[in-house]
Amino acid sequence: MSERKVLNKYYPPDFDPSKIPKLKLPKDRQYVVRLMAPFNMRCKTCGEYIYKGKKFNARKETVQNEVYLGLPIFRFYIKCTRCLAEITFKTDPEKTDYVVEHGATRNFQAEKLLEEQEKQIQKDREEEELNNPMKILENRTKDSKMEMEVLENLQELKELNQRQANVDFEGMLQEYQKYEKDLKRQQVEDDEREMKSMLESAQVKRILDDSDSDEELQKPQCKKKTPVPGKPTDILNENPDHQNEKPKRESWERSVGKLSGNLQFSGLVVKKAPCPKANSTTLKKGIIIQKDGPTSFGAAEQNAVTLPVSEALPAQCGPTPAASSSSLSLLGAYSDSEESQSD
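Residues numbered from 1 in each chain as written. Predicted model: local features only at pLDDT ≥ 70, side-chain atom pairs only at ≥ 80, totals over all residues. Heavy atoms only, no water.

### Examining the environment of Glu86
Topologically, Glu86 is positioned in strand β6 (residues 86–92). On the basis of relative accessible area, Glu86 is assigned to the partly exposed category, the value being 34%. A polar atom in the side chain of Glu86 sits 2.5 Å from the side chain of Arg59. (Helix = DSSP H or I, 4+ residues; strand = E, 2+ residues; numbered from the N terminus. Buried < 20%, exposed > 50% of the residue type's maximum accessible area, 1.4 Å probe, protein only. Polar contact = N/O pair within 3.5 Å; in protein donor to acceptor, adjacent residues only side chain to side chain.)

### Observations regarding the sheet that holds strand β8 (residues 104–106)
Here we have three strands laid out as an open sheet, ordered β3-β2-β8, and antiparallel in their pairing. In this open sheet, the two strands that pair with only one neighbour each are β3 (49–50) and β8. With three bridges joining them, strand β2 (residues 41–43) and β8 adopt antiparallel strand pairing. The partner of Cys43 across the bridge, within β8, is Ala104. (Pairing = 2+ DSSP bridges.)

### Concerning the sheet that holds strand β1 (residues 31–36)
The strand order across the open sheet formed by five strands is β1-β4-β5-β6-β7, and the pairing between neighbours is antiparallel. Where the open sheet ends on each side, the last strands, each with one partner, are β1 and β7 (97–102). For this sheet the average axis-to-axis angle between neighbouring strands, irrespective of direction, equals 40 degrees. By the bridge criterion, six bridges tie β1 to strand β4 (residues 55–68) in an arrangement that is antiparallel. Residue pairing for β4: Tyr31 is matched across the bridge by Lys60. (Axes fitted to C-alpha atoms, helices over the stretch in contact; angles between N-to-C directions.)

This is the structure in structure tokens:
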């Protein structure tokens, strides 16, 4: 079995390489190669721009009878991407560049031609100076004169501009320096003002916090309001006979007893009216108290009794010992009022 990767081939003993026929190919045969456009160009037929680096499938051939220092020159054929017109260019090993033959024009060619022309002039001048030393002196004097003329023209232009402009450059510089100083001072003042306001706000906040804490510590606890005792002089306004009188206890009170324990007499009890406030008019005239018994509209005036302030206010605002002991005492007061009217 033969090897898959053959490195050594077998040559028979009677092998003669001169007998192998040689393949004859034309010297100008063309090859298809893949290349990129070496420069920016514009098609002459349709005006399409072809930028540098665009890829083409080009045909390549060797230029006959053109050699530079033994290096062959190659020609390339490409087609425009829009109108399919043929464009040709070839290599230029002397300038390490490419030259457009026909079908397109190279962009920025004028600038390149100007640079080449300047280089050619400089090269010719150097060749002349090498052969003729007097030429070197002439060129130096020409250069010095030209330089002096340029400096004079520049000075004249400066003087003309100064006459027309009348600009004081020193004053402008001084004003600009003054402006910079004012700006820096303003910035410093603004920073100081801002820092001062921040410190004041922080100090005020700290003082407020301290005052709140002190108030919380010094705030006394709320005490319950004690009832205000009556004036000691109120006893002088009271009737002494009325103080010595004791409430009469009727016979029916003994048999019936207290009203709070029986449900059938609970309807006779009426809730106390709110305590009226004592003012100057009530102190002079007294207070009219409506009896708590059930009456009609006609007998309302008969049931009304006028009492002095010293007796009326304790009767309505504070519970008396007789009223707190038994609710039937109200019925007794009601009967007494009827007897006084009948008399």
